[in-house]
Amino acid sequence: MNNYPFIFEQLHIEVARNASDDFNLFHDKYKWLQIVHNPFKGPIVLGFQLNTLIEYQLRLYREAHRENRVITENNLRFSNYQVTFVNAVRPRIPVYLDIKKTLINTIPTLTLSNRIVMKSDDKTVLLGFKKETQAPLFLADTKLDSLPDLNEVPDCTIVPGTDYFLKRKYLNNGAVKNFLSGSFAEQSDYFDELRHIAQYPEIFPCSLSSGALLEKAQLENHDFKLNPMVYTSHEISVDRHYLSSLKNNEKLHILVDQRPESRNNTLNQTNIMRRTYNCYGLLQNNDVLFRITLNLVSLKDILKNLSS
């Protein structure tokens, strides 16, 4: 476990949620009080904010261990994150991140893999891994080449002939810099105007999916105060080839596919049904920048399970 802690302040949360248009009440410094039976007793850090902290620390780890050359020479163009949220991270409570030693597997294909553990207040808050691969680990079989022209589809509507909800976003360098700073990532490692460097991080475009889910739920009249949902896991695959081409004001089409709830899809060791969303970030020509599976559960179901 790394000896030095990361300590989020409420300002870090405000910066990150504003940069990613995330209006979830769990992160609001006042509105968290409006959530019925909120067990966290205060605002909590964004899940994608923690993912960005992991991304940056692994970037530093790769550089220190000269692993970037292996990634480039073997065309490991996909960056994959699997994260399970065990608990929440609160402001002013030190957070410790442990990155396990890189494992290199060659069967069936070359993969660089690191286990990740995050602890806060002597409790595990996050578990997972990051893997570098030649093909995406998540939602690789989804075919998106027969979609209509997404530019012609109105924002926040269903794409004709599909079940996909569309949220259109425009990437902004200033928002990305703020999100990085709010996640303890050095923004100058990604953006330096004097050296004409503008390299988008992996997680930020993915983070805009949270806002897409919130807008979808709002249109469906979901009650965020009486029935709040919390993330249980993120599964993310990012195409670094397309990531390298991103520019300021780039248009991003986020497609959301809500999967039917099922008794076969429950939270570990409980009967709580998970709500699963598959999200895709598409650029021009329908190039797929990211593929994400987001799992959520109802807070009241968790509390009911704990009380029983």
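Residues numbered from 1 in each chain as written. Predicted model: local features only at pLDDT ≥ 70, side-chain atom pairs only at ≥ 80, totals over all residues. Heavy atoms only, no water.

(A) Spatial organisation of the environment of Lys-101. Tracing the backbone through its elements, the reader meets Lys-101 in the loop between strand S2 (95-99) and strand S3 (103-105). For the pair formed by Lys-101 and Asn-114, sequence separation is 13 residues and the distance between their alpha carbons is 6.2 Å. Once residues lying within four places of it in the same chain are set aside, the contact partners of Lys-101 are Tyr-61, Ser-113 and Asn-114. (Helix = DSSP H or I, 4+ residues; strand = E, 2+ residues; numbered from the N terminus. Contact = heavy atoms within 4.5 Å.)

(B) Quick peek at helix H5 (residues 203-219). With 17 residues, H5 ought to run about 24 Å at 1.5 Å a step, and its terminal C-alpha atoms sit 26 Å apart, in line with that. Taken across its 17 residues, H5 has 14 buried, putting it largely inside the fold. Immediately beyond the C-terminal end of H5, within one or two residues, lies Asn-221, with a positive phi of roughly 60 degrees. (Expected span 1.5 Å × (residues − 1). Buried < 20%, exposed > 50% of the residue type's maximum accessible area, 1.4 Å probe, protein only.)

(C) Fine view of helix H4 (residues 173-181). Buried within H4 are the following residues: Asn-173, Ala-175, Val-176, Lys-177, Phe-179 and Leu-180. In this fold, the buried residues of H4 make contact with helix H1 (10-19), helix H2 (47-64), strand S8 (191-192) and H5. Between the side-chain oxygen at the start of H4 and the backbone nitrogen of Gly-174 there is a gap of 2.9 Å, and the oxygen is on Asn-172. (Polar contact = N/O pair within 3.5 Å; in protein donor to acceptor, adjacent residues only side chain to side chain.)

(D) Quick look at the packing of aromatic side chains. The full count for this structure, using the stated rule, is 10 aromatic pairs. Taking the centre distance of 6.2 Å and the plane angle of 85 degrees together, the rings of Phe-23 and Phe-224 count as edge-to-face. Pair noted here: Phe-23 is in the loop between H1 and H2 and Phe-224 is in the loop between H5 and strand S10 (229-239), with a separation of 201 residues, a long-range link. With a relative accessible area of 22%, Phe-224 lands in the partly exposed category. Ring centres of Tyr-164 and Tyr-280 lie 6.0 Å apart, and the angle between their planes is 80 degrees; this geometry places the pair in the edge-to-face category. Pair noted here: Tyr-164 is in the loop between strand S6 (157-158) and strand S7 (165-170) and Tyr-280 is in strand S12 (residues 275-282), with a separation of 116 residues, a long-range link. According to the relative accessible area criterion, Tyr-164 is buried, its value standing at 12%. Through successive ring pairs, a cluster of aromatic residues spans Tyr-4, Phe-6, Phe-8 and Phe-184. Looking at Arg-59, its charged tip hangs above the ring of Tyr-190, at a distance of 4.4 Å from the centre. When the ring centre of Tyr-242 is taken as origin, the NZ or CZ atom of Arg-77, which lies over that ring, is 5.5 Å away. (Phe/Tyr/Trp six-rings, centres within 6.5 Å; stacked < 30°, edge-to-face > 60°. Lys NZ or Arg CZ within 6 Å of the ring centre and 35° of its normal.)

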